[in-house]
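So the chains spell out like this:
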Amino acid sequence: IMAANSSTGSATEPPGLETQWREIDNLNQQQLRAGDSWYLLDKRWYDQWKEYVHTGDQNSSSYPGKIDNTELYEDLDSYHLKERLTENEDFVLVPAEAWHKLLSWYDMMDDQPPLERKVVDLPSTVKVEVYPVEIYLCLSSNLESTVSARFSRADKIHAIHQKIRQHFNVSETAESRLWMRNTDTSSERLRNLNMTVLDTCLSSGMTVIMEIRNADGTWPTSRPQIMRNSADEDSYQGPPGVCGLTNLGNTCFMNSALQCLSNTPPLTEYFLKNSYLEELNFTNPLGMKGEIAEAYADVIKQMWSGRHYSVVPRVFKTKVGHFASQFLGYQQHDSQELLSFLLDGLHEDLNRVKKKEYIELRDADGRPDQEVAEEAWRNHLRRNDSVIVDTFHGLFKSTLVCPQCNKVSVTFDPFCYLSVPLPVSKERVMEVFYVSLDPTAKPTQYRLIVPKAGRVIDLCTALSQATGIHPSQMAVADVFNHHFYRIYQTDEFLSCILDRDDIFVYQLSSGCVDQDGEEVVMAIYMRERSHYRDYGSGGNSYGTSLFGHPLLISVPRAQCTREDLYQLLLKRLARYVRPLDPSEEVEEEEEEEEEELYKAQTNGVSDDEGEEDSKEAGPSKKKEETQESSQTEEQNNCQSEASPSSEGEERAEEEELSSEPDRGSSTEEGQSACGSTDTNSQDATDGDQSAGAEPSGKEEEDEDEDEEEEEPASCAQANKRLPGRRRYTERRKKALFTMQAVNSNGTTERGMGETDGSFSFSSMQTASILLQTHVFNVFMQKYIKDQSMDVPHQQTTVQLQECLELFTTVETLEEENPWYCPTCKKHQLATKKLDLWSLPEVLIIHLKRFSYTKYSREKLDTIVEFPLRDLDFSGFLLKKTVNSTEPPCRYDLIAVSNHYGGLRDGHYTSYARNKDNGQWYYFDDSKVTYAREEQIVTSAAYLLFYQRQDKIRQPTIPPPIPSSTQPENHISSQTCDGMDGAASCVSMETD
């Protein structure tokens, strides 16, 4: 861009040569400032002038004459500057003041325009713009057809945008966006049209491409992100907005929130009409440079184009994770947290306030509420003004009262949604299995009501009232995968027990005494021999596995001999073990052959299907075996090993089953099967030895480190010390089972430190004993239900109005969040009351289903009855209608976000009413189906979207008529991670 011609006029009398040099040289030293004008001078003329002034002779032959820039011009007709001129080689730059002095002293050649250039502020330096930027322009649909145009670095991108529209005849109504192509493979979005060419780093030779949005709401560059189930991708034409969102992996929380916002009419129409383009705020430090708003707009335009069954919101998910790191990856999250972030991000990206001013908030100080509220709302709009504020923001009144000086502080604060609490019961229903000392009694399932903030002793007390057993004789344990996952202390809080845990309560002959007491509590596991050899452990013996449910027994320390323990356990296992017939007694010499025959059998127990309605107490559940290991490790749990049987046999009937008798003979029944002297030699060789007590504490840890190398103590090893004749000639009764100490998980055998036939438990409170069966009848545990289980569990139902009343109830601040009283000059636990002052056009109500206290963590499955129409807030608003222009207080439901599942897992879906046809739809990720109004109110409702009645528009098209033959409108039936069902994917909730 050439500077305009200027009249040269006659040159004035110049000062002395030395003065000329001093003045020009001083002016040339000044710094470049953006916006200033500098001028180009031909280097040859400038050098001649310098030589002239340095000679000191005004009559010198080196007089330069008039300023002549002829060598800088491409031609003298257009006076375009030559390309590739170099500063200080072809020309020099002088500031405007120096130029005007030289022009007044020497004049300029006729008709030559002055070469004025502006100073531009580059990111790293300030320089004079000698050459304007020459840019190539084209459309994305035809990258080969380009035109060139020159722009100053001070020009805005909007000028380039208009130039492309004009040259390629692009309609003003067509939505477009610009890309700056740096190389053949690299392009960058030009988002802010108000930025200058300089700010966007556009340089000569670069290409600016205009991309025009497709009719289906997509951009040509992102078209692969659409998910279709039709070969003809342009053939589908469905109702706008009736479109699923593909689950990218635990993103149902995001899909549910997006569907609710998509069916919020004022917000969706704002984006569909492209109103957001004029309000994108790229300079807001609290915003996301407009990227969240643009990504959300892309999703909305695709969903409402009517061209897609389902949209893949991958770009939107990436943008959210980029600006909110908590949403990175594909972990479980809360839809309310995502909604809160999204509304705040959209607000800041679309904030009409470009520069926020500081506003000091004032307390009411006795002023009327109307005055204080209007002042608060004006102050809010001075810093926050966007479509989000217009649609979702309301005002509530906060009243704080100091308990010491009665100072009353009243403020009015804006809100974007209401988080209303649900009435929380102080009691909790728990289901437990009670195991009596009576060996013939079946485990019984009880349903108990206990304090929610109670302890384990409260659970025992409640069970005591149903069983008549004193709480001190009860031990509470969590059973998982046939072993004790955790044994609870009586002073532990019940909040550590989840509803899905399998809780067993065992009756003990006496209380859980300390380690110096007269009795020790043992954990007994059941274990059976596998049908295959365990070659992985370095041997070829048969492996073992746990089955059934463990037991807890208390044993007097005086009866800790092997024979006493055997008899005691035999009595407790009366329901599981049948006595041997005389024909099953064997001699010691025959046991080795018999054991080999036993190993060759597929199962030592007859197969019985059992009753159809019976089931094993407590379903298995997924838990980490390492969690709580430090607690259970100390308890040295026991195992009992049974003859081989599958877990399906745990559903056997109560009658005792018959097993295949082993061949051989036996001795009389009077002697111990596995005592300190008489042992089973074959058991020792098989690694299923009996063992004595094991130490605990540090000694136990030392044994753990070497347990893989240690051979457990065995009856056979004791036998090796006996004379050979006695070991092979003595006859005895065959043992029904053997005992072995194991670790807490029942997976590793340990030595027991037997001394003189007795086990030492002086240093441990509980011992681990392994019982391994040979040939005995296993009666798997079938439980019975107490009459308390027949009482149906009533699900709590409350009205939405009750939750709103609870929201406006006076409460006392917690110690973690005190209020600073300006009168007392210290923090106080003041009372606080919230009241609604004004409500927005769209009101979001967040039902706080996830309760977190110091005593418990739970999800409330309370059914909240909320109206679909005519929700009246007039009774909750402090601001009363003063004239007919005030909006009404009645709202209609437009969307619901649902959460199915519990604290740790679950699945999100949503109901929404289409703004065009008024039909309700059920959105389950990519699957969309019709919904009836009577289906909407459920215990899964989590977020409620209400729109004020005066803003609701009548449907513009008639609703479709659902029929049983009409297929569901969905792209695929896959939900979270390809699984169907309400709880098929994981999502985490936080309050």
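All values derive from a computational prediction rather than experimental measurement.

Bringing the overall build of the protein into the picture now. The helix and strand inventory of the protein stands at 20 helices and 43 strands. Taking all 991 residues of the protein together, the buried fraction comes to 51%. Of all intrachain contacts in the protein linking residues separated by at least 6 positions in sequence, the fraction that spans at least 24 positions is 77%. Carbon and sulfur atoms provide 47% of the accessible area of the protein, an area that totals close to 46,200 Å².

Moving on: the packing of aromatic side chains. The way to describe two aromatic rings as a pair is by their centre distance and the angle between their planes. Within this structure, the stated rule accounts for 28 aromatic pairs. Measuring from ring centre to ring centre gives 5.7 Å for Phe-484 and Tyr-506, while their planes differ by 80°; the resulting arrangement is edge-to-face. Residue Phe-484 is found in strand β19 (residues 483–488), and its partner Tyr-506 is found in strand β20 (residues 503–507); the two are separated by 22 residues along the sequence. The residues Phe-484 and Tyr-506 share a single accessibility class, namely buried. Its end group placed over the ring of Trp-179, Arg-189 keeps NZ or CZ at 5.8 Å from the ring centre. Positioned above the aromatic ring of Tyr-330, the side-chain terminus of Lys-317 is 4.7 Å from the ring centre.

Okay, the pattern of salt bridges next. Enumeration according to the criterion identifies 30 salt bridges in this entry. The closest approach of N and O atoms between Lys-301 and Glu-175, which form a salt bridge, is 3.0 Å. Residue Lys-301 is found in helix α7 (residues 291–303), and its partner Glu-175 is found in the loop between α4 (157–168) and β7 (176–181); the two are separated by 126 residues along the sequence. A salt bridge links Asp-916 to Lys-915, with the shortest nitrogen-to-oxygen separation between them at 3.1 Å. Under the relative-accessibility criterion, Asp-916 is labelled buried at 14%. The structure contains a network of salt bridges with shared partners spanning Glu-175, Arg-213, Asp-298 and Lys-301.

Within a beta sheet, neighbouring strands are joined by backbone hydrogen bonds and run either parallel or antiparallel to one another. Strand order in this open sheet of four strands is β14-β13-β32-β29, and the pairing throughout is antiparallel. At either end of the open sheet lies a strand with only one pairing partner, and these are β14 (408–415) and β29 (811–812). Contacts from helix α10 (residues 369–383) reach β13 (394–401), β14 and β32 (831–838), with the element oriented near 40° to β14.

In this section: the pairing of strand β40 (residues 920–924). Within a regular beta strand, the side chains point alternately toward one face of the sheet and then the other, so they alternate between its two faces. Of all five residues making up β40, five are buried, and the element is well covered by its neighbours. Alternating residues of β40 divide into Trp-920, Tyr-922 and Asp-924 and Tyr-921 and Phe-923, and every residue in both groups is buried. With four bridges connecting them, strand β39 (residues 906–913) and β40 associate as antiparallel partners. In the sheet register, Ala-912 faces β40, and the bridge partner there is Tyr-921. Strand direction decides the pairing type here: β40 and strand β41 (residues 927–930), joined by four bridges, are antiparallel.

Another aspect to go through is a negative patch on the surface. Together, Glu-811, Glu-814, Glu-815 and Glu-816 give the surface a local cluster of negative charge. One can find Glu-815 in the loop between β29 and β30 (819–821). Residue class for Glu-815 comes out exposed when judged on its relative accessible area of 66%.

We now examine the environment of Trp-38. Within the secondary structure layout, Trp-38 lies in strand β1 (residues 37–42). Put simply, Trp-38 and Pro-95 are 57 residues apart on the chain and 4.4 Å apart in space, counted from C-alpha to C-alpha. Ignoring sequence-local partners within four residues, the contact set of Trp-38 consists of Asn-28, Gln-30, Gln-31, Leu-32, Leu-93, Val-94, Pro-95, Leu-115, Glu-116, Arg-117, Val-119 and Val-128.

Another aspect to go through is the nonpolar core. Leu-261, Phe-271, Tyr-296, Phe-316, Phe-392 and Phe-945 are the most contacted members of the largest nonpolar core, which totals 56 residues. Broken down by element, the residue count for this core peaks at eight residues, all from α7. In this structure, Tyr-296 is in contact with Leu-258, Leu-261, Ser-262, Leu-267, Phe-271, Phe-316, Leu-342 and Leu-346, ignoring residues within four places of it in sequence. One finds Val-798, Leu-800, Leu-843 and Ala-931 within the second-largest nonpolar core, a separate group that totals 36 residues.

Turning our eyes to something else, we now look at helix α2 (residues 43–55). The end-to-end C-alpha distance of α2, which contains 13 residues, comes to 19 Å, matching closely the 18 Å that a straight helix rising 1.5 Å per residue would cover. Of the positions making up α2, those classed as buried are Lys-43, Trp-45, Tyr-46, Trp-49, Tyr-52 and Val-53. Buried residues belonging to α2 abut α1 (17–28), β1, β2 (91–95) and α3 (96–106).

Now for unusual backbone geometry. Here Arg-84, not a glycine, exhibits a phi torsion of approximately 60°, which is positive. Within the element layout of this structure, Arg-84 appears in the loop between α2 and β2. Despite not being glycine, Lys-825 shows a phi value in the positive range, around 60°. Here Lys-825 is to be found in the loop between β30 and β31 (826–828).

This part takes up the sheet that holds β19. Strand order in the open sheet formed by six strands is β19-β18-β20-β16-β17-β27, and the pairing between neighbours is mixed. Single-partner strands in this sheet number two, and they are β19 and β27 (784–785). Taken together, the eight bridges between strand β16 (residues 427–435) and strand β17 (residues 444–451) define a ladder with antiparallel strand orientation. By the bridge assignment for β17, Glu-431 is matched with Arg-447.

Moving on, we come to the side chain of Asn-274. Among the structural elements, Asn-274 can be located in the loop between α6 (265–272) and α7. Ignoring sequence-local partners within four residues, the contact set of Asn-274 consists of Glu-175 and Lys-301.

This part covers the environment of Gly-244. Examined against the element boundaries, Gly-244 turns out to sit in strand β11 (residues 244–245). The contact partners of Gly-244, leaving out residues within four places of it in the chain, are Gln-259, Tyr-309, Ser-310, Val-311, Asp-925, Ser-926 and Val-928.

The subject of this paragraph is the packing of α1 against α3. In a packed pair of helices, the relevant descriptors are the angle between the two axes and the axis-to-axis distance. Between α1 and α3, whose axes approach to 9 Å, the crossing angle comes to 155°. With respect to α3, the axis of α1 lies roughly antiparallel. Contacts from Gln-20, Glu-23, Ile-24, Leu-27 and Asn-28 of α1 reach α3 at Glu-97, Ala-98, Lys-101, Leu-102, Trp-105 and Tyr-106. Split into classes, the residues belonging to the contact of α1 with α3 amount to six nonpolar, two polar and three charged.

A few words on the confidence of the model for the protein. One rule of thumb: low pLDDT means the predicted coordinates there are not for detailed reading. Within the protein, residue pLDDT values average 75, and 70% of them lie at 70 or more. Contacts from residues 762–779, a stretch scored under 50 in pLDDT, to residues over four places away or in other chains number 136 contacts.

The geometry of α7 relative to helix α8 (residues 314–323) is characterised by a closest axis approach of 9 Å and an angle of 160° between their N-to-C directions. Relative to α8, the element α7 lies roughly antiparallel. Pair α7 / α8 crosses with left-handed handedness. Facing Glu-291, Ile-292, Ala-295, Tyr-296 and Val-299 of α7, the residues of α8 in contact are Phe-316, Lys-319, Val-320 and Phe-323. By residue class, the composition of the contact of α7 with α8 is seven nonpolar, no polar and two charged.

Glancing now at the pairing of strand β42 (residues 941–948). Extensive coverage of β42 is indicated by the burial of eight of its eight residues. Here strand β33 (residues 842–848) runs beside β42; their pairing, made up of five bridges, is antiparallel. Directly across from Leu-843, in β42, lies its bridge partner Tyr-946. By the bridge criterion, seven bridges tie strand β38 (residues 890–901) to β42 in an arrangement that is antiparallel. Looking across to β42, one finds that Val-896 is bridged to Leu-944.

Thresholds applied
- Residues numbered from 1 in each chain as written.
- Predicted model: local features only at pLDDT ≥ 70, side-chain atom pairs only at ≥ 80, totals over all residues.
- Heavy atoms only, no water.
- Helix = DSSP H or I, 4+ residues; strand = E, 2+ residues; numbered from the N terminus.
- Buried < 20%, exposed > 50% of the residue type's maximum accessible area, 1.4 Å probe, protein only.
- Contact = heavy atoms within 4.5 Å.
- Areas by Shrake-Rupley, 256 points an atom, 1.4 Å probe, with all protein chains shown as cover.
- Phe/Tyr/Trp six-rings, centres within 6.5 Å; stacked < 30°, edge-to-face > 60°.
- Lys NZ or Arg CZ within 6 Å of the ring centre and 35° of its normal.
- Salt bridge = Lys/Arg side-chain N within 4 Å of Asp/Glu carboxyl O.
- Pairing = 2+ DSSP bridges.
- Axes fitted to C-alpha atoms, helices over the stretch in contact; angles between N-to-C directions.
- Patch = residues over 30% accessible without salt bridge, like charges linked within 9 Å, V, L, I, M, F, W, Y side chains within 5 Å.
- Lys, Arg positive; Asp, Glu negative; His and termini not counted.
- Charge placed at Lys NZ, Arg CZ, Asp CG, Glu CD.
- Core = buried A, V, L, I, M, F, W, Y, C linked by side-chain atoms within 4.5 Å.
- Expected span 1.5 Å × (residues − 1).
- Parallel < 35°, antiparallel > 145°, perpendicular 65-115°, else oblique.
- Nonpolar A, V, L, I, M, F, W, Y, C, P; charged D, E, K, R; others polar.
- pLDDT = per-residue confidence, 0-100.
- Left-handed = near helix turned anticlockwise from the far one by under 90°.

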